Amino acid sequence: MVDSLGVAVIGFGWMGRVHTQAYARVPHHYPRLGLRPQLVTVAEEVPGRAEEAAAQFGFASTTRDWREVAADPRVRAVSITAPNFLHREIGVTMAEAGKHIWIEKPVGLTAADARAVADAVAGAGVQAAVGFNYRNAPAVEAARDLIAAGEIGTVTHVRIRLFSDYAAHPDAALTWRYEKERGGSGVLGDLASHGADLARHLLGDIDSLTADTAVFIPERARPAGATAGHTLATGGDLGPVENEDYVNCLLRFASGARGVLEACRVSVGEQNNYGFEVHGTKGALFWDFRRMNELGVSRGTTYQDQPIGTVYVGPGAGEFGAFQPGAANAMGYDDLKVIEAYRFLRSVEEGTPHGATLKDAVRSAAVLEAMVRSAESRAWVTVNA
């Protein structure tokens, strides 16, 4: 028997669209799931945007006020894809109203925000998922399994990179993303949060770190109206960029491994250059998001001059089999969000967490706050998870 689950989406920018499309696709990839998401309502304050979403995707109703979602008895689960400064208020309100939540990272502006949402979820006894989508890539899950099985020996060090050019244009509009009050951190919350989650997902907890940050484009033009994505703006009044464009960080893991995490949002020539290199005492693993379905693997007993082979992941890796029948058939970014939606809905169905949770969000936020403290003090700091 399949039950219907009324869902709402709050905030209908690009990520709200991605969540909505993921809900629509889940039944096709996971027909045995006992829940079927039903698009009940979409909340978006930009005039006309919610109505466009309803017309395209079939939401039963629309609202300009997200608070109406909390009181809607039809809604049992909510996607929170609004700007960062709204995450805490919306997340706590929805959890206290008894709604399950799928919330985008970084879950607020601070670790305290993430903890507040986590506490509300725990107190209400609802399920929650967090948008750390890169951990859902089948090649990443295969890498994690190989590490856990000792296939590359004891992990010695890792390098994680997240380079992008979405903010590289000097005419990019001064949106909420560049303001501390509404965006919080800059590339830390946007990209490095994924890096912190990948680091923990693969290697375990981070004990301490030292970091450096920089702003490379200190001023941007204020937009004349509502924006979506990374809009350009020219001719407007210039305002200061209040959060960082770049971060590099040295990591010490509880296991004794060492790491380097580097992220930048203004890297000209780099488009979604995300990936990692994990080295162990017997081998190494290499992953590049732009070649998402490939994993570089070096293992054996040669040590010196040991070759690297390319593995094309297949149905035995993570959730690959729900999308493609054989290795080397490509998956894409949106597929990772379908996996995320599936694990969220499975959590609701079974009452047991699957996938990234708010505990993961809190730990990632603690790593980011340690980076901020380190950059300010120019010293090694302990991660207070």
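Starting from 1, residues in each chain are numbered consecutively following that chain's sequence as written. Given that the model is predicted, a residue must reach a pLDDT of at least 70 before its local features are reported, and side-chain atom pairs must reach 80 or more before they are shown or counted; all residues, however, enter totals for whole chains, interfaces and linings. Note that water and hydrogens are dropped before the side-chain values are worked out from all heavy atoms of the structure.

## Quick word on the pairing of strand β7 (residues 155-163)
Strand pairing follows a simple DSSP-based rule, namely that at least 2 bridges must link the two strands. Think of it this way: any DSSP run of H or I at least four residues long counts as a helix, any run of E at least two long counts as a strand, and we number them from the N terminus. Bridge count between β7 and strand β13 (residues 273-280): 8 bridges; the pairing is antiparallel. Across the sheet, valine 158 pairs through a bridge with valine 278, a residue of β13. One ladder, built from 7 bridges, connects β7 with strand β12 (residues 258-264); its direction is parallel. Residue pairing in the sheet places isoleucine 160 in a bridge with leucine 261 of β12.

## Focus on the packing of aromatic side chains
Classification of ring pairs uses Phe, Tyr and Trp, with its six-membered ring standing for Trp, and accepts pairs whose centres are within 6.5 Å; under 30 degrees between planes counts as stacked, over 60 as edge-to-face, and the remaining range as tilted. Tallied over the entire structure, the rule returns 15 aromatic pairs. Measuring from ring centre to ring centre gives 6.4 Å for phenylalanine 289 and tyrosine 333, while their planes differ by 85°; the resulting arrangement is edge-to-face. Here tyrosine 333 lies in helix α9 (residues 333-350) and phenylalanine 289 lies in the loop between β14 (284-288) and β15 (294-298), a separation of 44 residues in the sequence. Each residue is placed in one exposure class: buried if its accessible area under a 1.4 Å probe, protein chains only, is under 20% of its type's maximum, exposed if it is over 50%, and partly exposed if it falls in between. Phenylalanine 289 gets classed as buried once you look at its relative accessible area, which sits at 12%. The buried category is assigned to tyrosine 333, whose relative accessible area is 18%.

## Thoughts on the sheet that holds strand β2 (residues 35-43)
Spatially, β3-β2-β1-β4-β5-β6 is the arrangement adopted by the 6 strands of the open sheet, whose pairing is parallel. Here the strands that pair on one side only, and so sit at the sheet edges, are β3 (61-63) and β6 (128-130). The mean inter-strand angle of the sheet, taken between neighbouring strand axes irrespective of direction, is 25°. Relative to strand β5 (residues 100-103), strand β4 (residues 77-80) is paired through 4 bridges, and the arrangement is parallel. Across the sheet, valine 78 pairs through a bridge with isoleucine 101, a residue of β5. Contacts are residue-level and defined by heavy atoms, with any inter-residue pair within 4.5 Å sufficient. In this description, a line fitted to the C-alpha atoms serves as the axis of each element, helices being fitted only across the stretch in contact, and the angle between N-to-C directions of two axes falls anywhere from 0 to 180 degrees. Contacts between helix α1 (residues 14-29) and the sheet are confined to β1 (3-10), β2, β4 and β5, with β2 contributing the most and set at about 155° to the helix.

## Focus: the nonpolar core
By nonpolar core is meant a set of buried Ala, Val, Leu, Ile, Met, Phe, Trp, Tyr and Cys residues that side-chain atoms within 4.5 Å join together. Ranked by internal contacts, the top residues of the largest apolar core, which has 95 residues, are Leu203, Leu209, Val278, Leu285, Trp287, Leu295 and Met371. Contacts of methionine 371, omitting those with residues within four sequence positions, involve Leu188, Leu209, Ala211, Val247, Cys249 and Leu261.

## Describing the packing of helix α4 (residues 87-96) against helix α5 (residues 111-124)
Relative orientation of the contacting elements α4 and α5 amounts to 5°, with a least axis distance of 8 Å. The orientation of α4 relative to α5 falls into the category roughly parallel. Contacts from His87, Arg88, Gly91, Val92 and Ala95 of α4 reach α5 at Ala112, Asp113, Ala116, Val117, Ala120, Val121 and Ala124. Polar here means any residue other than Ala, Val, Leu, Ile, Met, Phe, Trp, Tyr, Cys and Pro, which are nonpolar, and Asp, Glu, Lys and Arg, which are charged; Gly is therefore polar. For the contact of α4 with α5, the per-class residue count stands at 8 nonpolar, 2 polar and 2 charged. What sets the label is the angle itself: under 35 degrees gives roughly parallel, over 145 gives roughly antiparallel, 65 to 115 gives roughly perpendicular, and the rest give oblique.

## Observations regarding helix α8 (residues 187-203)
In this model α8 runs 22 Å from its N-terminal to its C-terminal C-alpha over 17 residues, within 8% of the 24 Å that 1.5 Å per residue would give. Bend, in this description, refers to the angle at a residue between axes fitted to the seven residues ending there and the seven starting there. Considering bend angle alone, the principal kink of α8 is centred on serine 193 and spans about 35°. With respect to burial, α8 is a largely interior element, 17 of its 17 residues being buried. Glycine 204 occupies a position one or two residues after α8 and carries a positive phi of about 95°. Under the convention used throughout, the expected extent of a helix is 1.5 Å for every residue step, that is, one less than its residue count.

## Some words on a nonpolar patch on the surface
A contiguous nonpolar surface patch, about 250 Å² in accessible area, is contributed by Leu250, Val260 and Trp380. Residue placement: valine 260 occurs in strand β12. Given the relative accessible area of 31%, valine 260 is considered partly exposed. Distance thresholds for patches are 9 Å for like charges and 5 Å for nonpolar side chains (Val, Leu, Ile, Met, Phe, Trp, Tyr), applied to residues having over 30% relative accessible area and no salt bridge. Residue burial considers only the protein chains on display, and all accessible areas are found by Shrake-Rupley using a 1.4 Å probe. Think of a salt bridge as a Lys or Arg side-chain nitrogen and an Asp or Glu carboxyl oxygen that are within 4 Å of each other.

## Details of the pattern of salt bridges
The tally for this structure, following the rule as stated, stands at 23 salt bridges. Salt-bridge contacts for aspartate 335 lead to arginine 25; the nearest nitrogen and oxygen are separated by 2.5 Å. Of the two residues, aspartate 335 sits in helix α9 while arginine 25 sits in helix α1, which places them 310 residues apart along the sequence. Residues arginine 182 and glutamate 179 are paired through a salt bridge, measuring 2.8 Å at the closest nitrogen-oxygen approach.

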